[in-house]
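Residue-level structure breakdown
One letter stands for each residue in the lines below.
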Amino acid sequence: MKAKVNSFTTWDYLVFFSTLLFSMCIGVYFAVQGRKKKTEGEYLMASRQMSVLPVAVSITVSFLSAIAILGNPAEMYNQGATFMFHALGVAGGCLVSTVIFVPLLYPLQLTSSFEYIERRFRSRTARLVGTCMQILSQLIYIATASFAPSTALKIVTGFPVGATLVIMAAVSTFYTSIGGIKAVIWTDVFQSLVMVAGVLAVIIQGSMKVGGFLKVWDINDEWGRLDVWNFDPDPTIRHTFWSMAIGGTIGWMGITGISQASVQRYSSLPTLKKAQTATLVTTFAAGLLSLSCFVSGIVLFAYYVIKDCDPVGKKLVDNSNQLVPFFVMETLAYPCVPGLFISALFSGALSTISSSLNALAAITWEDFFKPVLDKKMKAAQKLYFLQGLVIAYGAIMLAFSFIVKNLDGTVLQITLSLSGAASGPTTGMFILGAFFPWANDKGVIGGAIISLAFSFWIAVGAFITGVPMDEFTFPNGTCSEYFVNDSSASMTTTPFSTTAMSSITTSMSSLHEENVGIEKLYAISYLWYPGLGMITTIVFGLVISFITGANSIDDIPTEYQIPLASRLLCCLPKSWLKVLNCNREFENPQDVCYRLAAKDESEHPDPKKEKEINMVEFQNKTYRPDAAKLISVRSKEN
């Protein structure tokens, strides 16, 4: 016997390929529309004239892609609803970025976020170390993002995974290379609509099949899937409230605050206020989209409880990442609907890939090639070079995706484990520079390299030794309605009962209990990897800095630091900030005390002039000579 699965119809293929074609057409439109005025700044930063809403949507869907649509439901199905608290981490990370990192980085008018590292530590080597780590993190992330929808297309069409990876790489590379950041952002907006439609279709149809959302909730509660209140501080427990709320916040703080893909987007807006508004909108949008994906997971579990069938255990699907498309093909096999859902998965993947390819091209050009080639190339040659970088990274991403497809586990855990291990040290570099004026270039370089090696050692060790899992029961029916007679094959799978599941999960749980010594490190939850990498960078960075000769507090210009007190109290009236001794922060026109309390955005200095002043200051290693004049002018106004 073989599993009975509905297949794609002609209308489904039409919807699917129309979505891909429309995404490519957006790229063509912006390539043609701006061909006469296309410059390096237009290609990478949209001349810093984008609008808030499309930028906010682009940031959201760039990091909540097919991985969330497939991985979150798979996690909820396998391990219960505890992971739902990760939505708090997503929202918390976006909020921290809005208050702390956007006001730090936006006024510097950067194209590469790692230009901040060079300015702050006065070291080009430190900048290139950060760039290399960001490239590694982004390649891992987009490789996993491209793998996710390929598994879905295989279950509904039988299309080979390898061929799907090639198609996805070709489409995303095409419209990103010819259209630049405008094409990426506006394609993300279109793709976000398709993603939301796909997720809502699963939730609504599944709830209707079960008998309403209240019944979905009751079933999950009865099967112990809603026992989510785990406040155990043990970091080796895979999912707790703390690992998701705090670990998730640290991870998303790095994603939305300092990663190149996010910095490049919010820096494409014309003012600091609009940049903060965009990341604030992302706080709510990302939190709601994450929560929707989680809800679809408990809906799926309730549906298969009613059917008394475990598709994963009965080998109806190759792995839990294929649960959602399997459900769609069974319950939403109406003309065009399966095609719409697979389009949603591809849209999510394409938004992530295109955003990352554009970001990778930007930092590679700005950090590696621009200092050498900028004066030797004409404007048109620079654009061709940037397009070549996008194509090259598309090819590298394709190679990485073939490696990722051989890893076991949900796409969610693979992504958060490997990309978290790579991004944690990068976040630590920015934290070290912004909060610790004593840190020097040797400290940040040494701390980042040690942290990266340590983080990947733990992540790889965890994959080798196995990941501890909680024990849950699953439906133990025979799933007979899903099989049909087939003379060419016999059913070789045995009934996958609750007992069988218990034996597997028990062995995995015992792995958690028996960990001793060095293995205890491998058992640390993957959600702590970004925080672990960040803290390791800070600790070793400070130690090395003090050994090699730390800076004094007055060595670093205040625009490269974060005055924590004024940031936390930034919403208070301007007069209150003065009373609370924000005077030192007011002495610098870049500081948030002035920028957030300013009555009118017209008071802000000209960004181009500011950037020129900053570069002179960086070269001379002195404070700006015009600070006293600006203070006196502002005093008269007050």
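The preceding data block contains the structure.
Rules used in this analysis
- Residues numbered from 1 in each chain as written.
- Predicted model: local features only at pLDDT ≥ 70, side-chain atom pairs only at ≥ 80, totals over all residues.
- Heavy atoms only, no water.
- Helix = DSSP H or I, 4+ residues; strand = E, 2+ residues; numbered from the N terminus.
- Buried < 20%, exposed > 50% of the residue type's maximum accessible area, 1.4 Å probe, protein only.
- Contact = heavy atoms within 4.5 Å.
- Areas by Shrake-Rupley, 256 points an atom, 1.4 Å probe, with all protein chains shown as cover.
- Expected span 1.5 Å × (residues − 1).
- Polar contact = N/O pair within 3.5 Å; in protein donor to acceptor, adjacent residues only side chain to side chain.
- Axes fitted to C-alpha atoms, helices over the stretch in contact; angles between N-to-C directions.
- Left-handed = near helix turned anticlockwise from the far one by under 90°.
- Core = buried A, V, L, I, M, F, W, Y, C linked by side-chain atoms within 4.5 Å.
- Disulfide = S-S within 2.5 Å.

Once that is clear, we can look at the overall build of the chain. What the chain contains, in helices and strands, is 26 helices and two strands. Counting over 638 residues, the chain shows a buried share of 59%. Within the chain, contacts between residues at least 6 apart in sequence are counted, and of these 86% link residues at least 24 apart. Counting only carbon and sulfur atoms, one obtains 65% of the accessible surface of the chain, whose full area is about 24,800 Å².

Turning our eyes to something else, we now look at unusual backbone geometry. Leave glycine aside and you will find that most residues have negative phi; peptide bonds, for their part, are mostly trans. Notably, Ala-46 is not glycine yet its phi reads approximately 55°, a positive angle. Position of Ala-46 relative to the elements: it lies in the loop between helix 2 (40-45) and helix 3 (52-63).

Looking now at helix 7 (residues 124-157). For an α-helix, the turn length of 3.6 residues means that residues three or four places apart are oriented alike. With 34 residues, helix 7 ought to run about 50 Å at 1.5 Å a step, and its terminal C-alpha atoms sit 50 Å apart, in line with that. Most of helix 7 sits inside the fold, with 27 of its 34 residues counted as buried. Its side-chain oxygen 3.4 Å from the backbone nitrogen of Thr-125, Ser-123 forms the N-cap of helix 7. The positive-phi residue at the C-terminal boundary of helix 7 is Gly-158, with phi of around 75°.

Looking now at the packing of helix 5 (residues 86-105) against helix 10 (residues 241-257). Interhelical geometry of helix 5 versus helix 10 gives an angle of 35° and a closest axis separation of 6 Å. Here helix 5 runs over helix 10; the crossing is right-handed. Side by side, helix 5 and helix 10 meet where His-86, Leu-88, Gly-89, Val-90, Gly-92, Gly-93, Cys-94, Val-96, Ser-97, Phe-101 and Leu-105 of the first sit next to Phe-241, Met-244, Ala-245, Gly-248, Thr-249, Trp-252, Met-253, Thr-256 and Gly-257 of the second.

We now examine the nonpolar core. Side chains of nonpolar character tend, in soluble globular proteins, to be buried together. Grouped together as the largest cluster of nonpolar side chains are 165 residues, with contacts concentrated most on Phe-101, Leu-105, Tyr-116 and Ile-342. Top element by residues in this core is helix 12 (residues 272-306). It accounts for 16 residues. In terms of nonpolar packing, the next biggest core, distinct from the first, is built from six residues, Phe-30, Ala-183, Phe-190 and Val-194 among them.

Under the counting rule described, the total for this entry stands at one disulfide. Put simply, Cys-309 and Cys-479 are joined by a disulfide, and their sulfur atoms are 1.9 Å apart. Its S-S torsion of about 110° marks the bond between Cys-309 and Cys-479 as right-handed, since a negative value means left-handed. Of the two residues, Cys-309 is situated in the loop between helix 12 and helix 13 (323-331) and Cys-479 in the loop between helix 17 (441-465) and strand 2 (483-484); the sequence distance between them amounts to 170 residues. Here the two residues Cys-309 and Cys-479 agree in accessibility, since each one is buried.

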